[in-house]
Amino acid sequence: MACDGNCSSCASKCDNEQKDLRLPQNQYSNVKKVIGVVSGKGGVGKSLVTSLLASAFQAKGKQSAILDADVTGPSIPKAFGVHSAIEQSEMGLIPAESKTGIRMMSVNLLLEKEDAPVVWRGPVISGVIQQFWNEVAWGDVDYMFVDMPPGTGDVPLTVFQNLPIDGIVVVTTPQDLVTMIVKKAYNMANLMNIPILGLVENMSYFECPDCGKKHSIFGESKIDEVAAEMGLPVLARLPINPATAKLVDKGAVELAGDDAIAPAVEAIEKALAE
């Protein structure tokens, strides 16, 4: 069988893995920085962190974009209240835009019904990710964030091999699984020679609105120890914030203005400065 250049689902042993498999951008795209948002398990808030980062950079005057690579569990459009179908032109697929102008591409914007299940095998999903990169006319983008599904399967492999990833942000929580979660993503990134920008701890604490005391709902944080062990910076600690959760449910996440993500924005901007 002829090789299509996609090693993510191939069992053959060949020299292809040593080659540069990055795909070219659409000719109407000029994406300057690409950042993956990853984790070793689900339910830690990758999509929330992706949304907050994109919104914060957009608020700073940087054109942001989100490539929703969580093909079987897309949530980005709903968080931003975007429901319009994707249009196609002679330039390629035209990404949808949020109220503040954040550009996004997601499988949910291609389905007739948003709640329709995406029952696709790995190679098909990998092909969709590739199309989201090189068949979408993204235009000028300062920072693109790739919201990835959990784990170390087909999609992360496709993204790491085919997209020019400048670095990844690893999202975790304070639970006892934190070490394993971080190490899975850390080891895969190192294996693929992908820079790790740092860690973001989500659901880090809850601050009582009456007394201001911080409560560790999911246990005491271990993020500092894990970060020190791996030589990584802690980019941000995000609290459990009911107001942010309500905005996500209302499709208005970009209005959150969450100050807790600000240190991560500053650190990423500094790390990727040319």
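Residues numbered from 1 in each chain as written. Predicted model: local features only at pLDDT ≥ 70, side-chain atom pairs only at ≥ 80, totals over all residues. Heavy atoms only, no water.

## Some points on the side chain of Ser98
Its location among the elements puts Ser98 in the loop between strand E5 (96-97) and strand E6 (103-105). In this structure Ser98 comes out as buried when scored by relative accessible area, which is 7%. Once residues within four sequence positions are removed from consideration, Ser98 is found in contact with Phe80, Val82, Met104 and Glu254. (Helix = DSSP H or I, 4+ residues; strand = E, 2+ residues; numbered from the N terminus. Buried < 20%, exposed > 50% of the residue type's maximum accessible area, 1.4 Å probe, protein only. Contact = heavy atoms within 4.5 Å.)

## Re the pattern of salt bridges
All told, the structure shown has 6 salt bridges when counted by the stated rule. One salt bridge connects Asp142 with Lys32, and the closest N-O pair in it is separated by 3.3 Å. Note that Asp142 is positioned in strand E7 (residues 139-147) and Lys32 in strand E1 (residues 29-38), a separation of 110 residues in sequence. With a shortest N-O distance of 2.3 Å, Arg237 and Asp224 are connected by a salt bridge. On the criterion of sequence distance, the pair formed by Arg237 in strand E12 (residues 234-237) and Asp224 in helix H6 (residues 223-230) is long-range, its members being 13 residues apart. Since its relative accessible area comes to 32%, Arg237 is described here as partly exposed. Look at Asp224 and you get partly exposed, because its relative accessible area is 45%. (Salt bridge = Lys/Arg side-chain N within 4 Å of Asp/Glu carboxyl O.)

## Description of the sheet that holds E12
An order of E5-E6-E2-E7-E1-E8-E9-E12 is seen for the 8 strands of this open sheet, with the pairing classed as mixed. Each edge of the open sheet is held by one strand with a lone partner, namely E5 and E12. Along the sheet, H6 contacts strand E8 (167-172), strand E9 (196-201) and E12; its crossing angle with E12, the most-contacted strand, is approximately 170 degrees. (Pairing = 2+ DSSP bridges. Axes fitted to C-alpha atoms, helices over the stretch in contact; angles between N-to-C directions.)

## Some details on the environment of Gly73
Among the structural elements, Gly73 can be located in the loop between strand E2 (64-68) and helix H2 (76-80). Each C-alpha atom of the pair Gly73 and Ala252 lies 19 Å from the other, and the pair is 179 residues apart in sequence.

## Concerning helix H3 (residues 122-134)
Its 13 residues place the ends of H3 19 Å apart at the C-alpha level, agreeing with the 18 Å of an ideal helix rising 1.5 Å per residue. Regarding H3, the residues found buried are Gly122, Ile125, Ser126, Gly127, Val128, Ile129, Gln130, Phe132 and Trp133. Where the residues of H3 are buried, they touch E1, E2, E6, E7 and helix H4 (154-162). (Expected span 1.5 Å × (residues − 1).)

Without other data, these values stay purely geometric and don't point to any function.
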